[in-house]
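Chain and residue survey
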Amino acid sequence: QVQLVESGGGSVQAGGSLRLSCAASGRTFSTYPMAWFRQGPGEERKFVAGLTSNGVITYYADSVKGRFTISRDNAKNTVYLQMNSLSPEDTAVYYCAARVIGGLVSMTESAYNYWGQGTQVTVSS
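Notes on the structure in this doc start here. Keep in mind it's a predicted model, so treat the numbers as computed, not measured. (Residues numbered from 1 in each chain as written. Predicted model: local features only at pLDDT ≥ 70, side-chain atom pairs only at ≥ 80, totals over all residues. Heavy atoms only, no water.)

**Quick look at the packing of aromatic side chains**
Using the criterion set out here, one finds six aromatic pairs in the structure. With a centroid separation of 6.4 Å and 80° between ring planes, the pair formed by phenylalanine 29 and tyrosine 32 is classed as edge-to-face. Centroid distance phenylalanine 37 to phenylalanine 47: 5.6 Å. Interplanar angle 85°. Geometry classified as edge-to-face. Taken together, the residues phenylalanine 37 in strand S4 (residues 34-39) and phenylalanine 47 in strand S5 (residues 46-51) connect sequence positions ten residues apart. This pair shows no difference in class: phenylalanine 37 is buried, exactly as phenylalanine 47 is. Through successive ring pairs, a cluster of aromatic residues spans Phe37, Phe47, Tyr95, Tyr112 and Trp115. Over the ring of tryptophan 115 we find arginine 45, and its NZ or CZ is 4.2 Å from the ring centre. (Phe/Tyr/Trp six-rings, centres within 6.5 Å; stacked < 30°, edge-to-face > 60°. Helix = DSSP H or I, 4+ residues; strand = E, 2+ residues; numbered from the N terminus. Buried < 20%, exposed > 50% of the residue type's maximum accessible area, 1.4 Å probe, protein only. Lys NZ or Arg CZ within 6 Å of the ring centre and 35° of its normal.)

**What about the pattern of salt bridges?**
Under the definition given, this model contains four salt bridges. Two residues, aspartate 90 and arginine 38, come together in a salt bridge whose shortest N-O distance is 2.9 Å. Taken together, the positions of aspartate 90 in the loop between strand S8 (78-83) and strand S9 (92-98) and arginine 38 in strand S4 put the pair 52 residues apart, joining distant regions of the chain. Here aspartate 90 falls in the buried class, since its relative accessible area comes to 1%. Between arginine 67 and aspartate 90 there is a salt bridge, with its nearest N and O atoms 2.7 Å apart. (Salt bridge = Lys/Arg side-chain N within 4 Å of Asp/Glu carboxyl O.)

**What about the environment of valine 64?**
Mapping valine 64 onto the fold places it in the loop between strand S6 (58-60) and strand S7 (68-73). According to the relative accessible area criterion, valine 64 is buried, its value standing at 0%. Taking the C-alpha atoms as reference, valine 64 lies 7.1 Å from valine 48; in sequence the two are 16 residues apart. With sequence-adjacent residues up to four places away left out, valine 64 is seen in contact with Arg38 and Val48. (Contact = heavy atoms within 4.5 Å.)

**A short note on the state of the cysteines**
In the structure shown here, the tally under the stated rule is one disulfide. Disulfide pairing is shown between cysteine 22 and cysteine 96; the S-S distance is 1.9 Å. Separated by 74 residues along the polypeptide, cysteine 22 in strand S3 (residues 18-24) and cysteine 96 in strand S9 bring together distant segments of the chain. Cysteine 22 sits in the buried class, given a relative accessible area of 0%. (Disulfide = S-S within 2.5 Å.)

**Here we look at unusual backbone geometry**
Despite not being glycine, asparagine 77 has its phi angle at roughly 55°, a positive value. Mapped onto the secondary structure, asparagine 77 falls in the loop between S7 and S8.

Here you go:
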């Protein structure tokens, strides 16, 4: 079992920044690919960003490239999502996910085995 606890969501003005954190349990955190997904109002949950177990290779949805940065600190069992230049279109519930079984970063929701509770991000005009 892997437990993921998210924090850092909130409300921000357009153009502002937020930094989301996801703290994971388990001594083997450094072996898991991790990802962030989001679900906006009336939308399906979609891939935002992901990274390999060592954090060297990252992946981003086209909608967030150049604005969002995913990273991890394996010593702290934590993955981050730095979000800059936020716009109202980024308003969503953000979820972190761990792929404990599989070993590869994926953009598909079903590939991930464990999920955080979600944290709300609201961007106002």
